[in-house]
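# Structure at a glance
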Amino acid sequence: MIVSLHPHFKGDFGLTLSVKSLSEYQTAGILKNAAAIIVPQSVNQEQYAICRSFTDCIFPNYSNRFGFEGKVGNSLLLNKFGLPHPKTLLFESADDWRRKFPDPDRPPLPRPFVLKNNQGGCGFGIFLITSRDELDTALDFFQKQGGGFVAQEFVDHGGKDLRVVLIGDMVKTYWRCQKTPGEFRNNVGKGALIDREGDPELTAEGVECVKGFKDRTGVNLAAVDVLFDQNKKRPLISEINFVFGRKGVGGVTAFRSMFNAAAVQWLKGKGLRLFH
């Protein structure tokens, strides 16, 4: 039987997602008898581990998600699997940076470079560092926020990046193009426009790069952001979003339809089918 913990995917058994309820289902033997389990993006590490204790047949595959979320985790994941990405350094805190690099005029990366808060989306907590004053401002921000951050080499992307969305075996792509003068962040929330037709040749290269990410990590539901240096043109993975906005793939309803279709196709690939 197919057990669904996803509120919008109808399995043979539909269960509520919580650690308490999972323990109850475990006692009732429902998870024990599951041939496959469908989980939502909101699943957490403990919930996913409970499911994995009964079967490895879980969609989506998040075996390399937990422990690799956030900017710091992303860097660890990309390094672990040898995937192409901008040079990135990890810091536990602003004090960690100041301890390692006390001279603000001698940063570990050539200017310009980028500092990124570990958590947050839509361009929040991301700074382009071109001067000592900008570095001080960013470090003060990280001091107040607490937690880790990354320093990353600046990729001259020409004001656009490619988002490659993996939904099972489906791949959806779109460019995020920033037209606002002086804004280096390509987030839609920062004014970037969505372009689904731009640069087919680079799009194909980006898709191949992300397929390599999928093949190596097993992750089959994520939005992967790819940068292209204007000079070198080679794809570099800048960020992996395990939870992401739906606007670029057509909205919430369209995404749910694609998720359901991808899950059914995945089940067929496993030789499984729903009874209903």
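Calculation rules
Residues numbered from 1 in each chain as written. Predicted model: local features only at pLDDT ≥ 70, side-chain atom pairs only at ≥ 80, totals over all residues. Heavy atoms only, no water. Helix = DSSP H or I, 4+ residues; strand = E, 2+ residues; numbered from the N terminus. Pairing = 2+ DSSP bridges. Salt bridge = Lys/Arg side-chain N within 4 Å of Asp/Glu carboxyl O. Buried < 20%, exposed > 50% of the residue type's maximum accessible area, 1.4 Å probe, protein only. Domains from an automatic or database assignment. Contact = heavy atoms within 4.5 Å. Buried area = accessible area lost by both parts, 1.4 Å probe. Polar contact = N/O pair within 3.5 Å; in protein donor to acceptor, adjacent residues only side chain to side chain. Nonpolar A, V, L, I, M, F, W, Y, C, P; charged D, E, K, R; others polar. Axes fitted to C-alpha atoms, helices over the stretch in contact; angles between N-to-C directions. Expected span 1.5 Å × (residues − 1).

Going by the annotation in an unreviewed UniProt entry, the name recorded for the chain is RimK domain protein ATP-grasp, with Desulfatibacillum aliphaticivorans given as the source organism.

To continue, consider unusual backbone geometry. Residues Phe59 and Pro60 are joined by a peptide bond in cis, for which omega reads -5°. By the secondary structure assignment, Pro60 is in the loop between strand S4 (58–59) and helix H3 (70–80). The step from Arg111 to Pro112 runs through a cis peptide bond, and the omega angle for that step is -5°. Counting through the fold element by element, Pro112 comes out in the loop between helix H4 (94–100) and strand S6 (113–117). For Asp199, which is not glycine, the phi dihedral falls at a positive 45°. Note that Asp199 resides in the loop between strand S11 (193–195) and helix H6 (200–217).

What follows concerns the pairing of strand S10 (residues 170–177). Alignment of strand S9 (residues 160–167) against S10, held across eight bridges, turns out to be antiparallel. Its bridge partner lying in S10, Ile167 is registered against Met170. Connecting the antiparallel pair S9 and S10 is a turn made up of two residues, with Gly168 showing a positive phi of about 65°. Two elements, S10 and S11, share three bridges in a ladder whose sense is antiparallel. Counted as the bridge partner of Arg176 is Ile194 from S11.

Here we take up the pattern of salt bridges. Inspection of every chain in the model, using the stated rule, returns 12 salt bridges. Across the salt bridge formed by Arg98 and Asp95, the nearest N and O atoms sit 3.9 Å from each other. One end of the pair is Arg98 and the other is Asp95, both in helix H4 and three residues apart, which spans about a single turn. Residue Asp225 pairs with Arg176 through a salt bridge whose shortest N-O separation is 3.3 Å. Of this pair, Asp225 sits in strand S12 (residues 221–228) while Arg176 sits in strand S10, and the two are 49 residues apart along the sequence. Here the two residues Asp225 and Arg176 agree in accessibility, since each one is buried. Put simply, Asp161, Arg163, Arg176 and Asp225 are held in one network by salt bridges that share partners.

The subject of this paragraph is the sheet that holds strand S1 (residues 2–4). Reading across the sheet, the four strands line up as S2-S1-S3-S4 and stay open at both edges, with parallel pairing between neighbours. Where the open sheet ends on each side, the last strands, each with one partner, are strand S2 (13–14) and S4. When strand S3 (residues 36–38) meets S4, the two strands line up parallel, connected through two bridges. Bridge pairing in S4 places Ile37 opposite Ile58.

Partitioning the chain into domains gives domain 1 (2–59 + 255–270), domain 2 (87–153) and domain 3 (160–244). On a C-alpha basis, the centres of domain 2 and domain 3 stand 23 Å from each other. The interface of domain 2 with domain 3 comprises eight residues on the first partner and six residues on the second. Summing the contributions of domain 2 and of domain 3, the shared interface buries around 580 Å²; its carbon and sulfur component is 56%. Taken together, domain 2 and domain 3 are joined by zero salt bridges. Seen at the junction of domain 2 and domain 3, the total is zero residue pairs in polar contact (both at pLDDT 80 or more). Elements supplying a minimum of two residues to the side of domain 2 that touches domain 3: S6 and strand S7 (126–129). Among the elements that take part in the side of domain 2 that touches domain 3, S7 stands out by supplying three residues, more than any other. Residue classes in the side of domain 2 that touches domain 3 are distributed as five nonpolar, two polar and one charged.

Turning to the sheet that holds S11, a few remarks are in order. Here we have five strands laid out as an open sheet, ordered S11-S10-S9-S12-S13, and antiparallel in their pairing. Two strands in the sheet have a free side with no partner beyond their single neighbour: S11 and strand S13 (235–241). With strand direction ignored, the average angle separating the axes of adjacent strands in the sheet is 30°. Where S12 lies against S13, six bridges are found, and the strand directions are antiparallel. Paired with Val226 across the strands is Ile237, a residue of S13. In the packing of H6 onto the sheet, the strands contacted are S9, S10, S12 and S13, and the crossing angle to S9 comes to about 45°.

Here the focus is helix H5 (residues 132–145). The end-to-end C-alpha separation of H5 is 20 Å, in line with the 20 Å expected for 14 residues at 1.5 Å each. The secondary structure elements touched by the buried residues of H5 are H4, S6, S7 and strand S8 (149–153). At the C-terminal side of H5, Gly146 shows a positive phi close to 80°.

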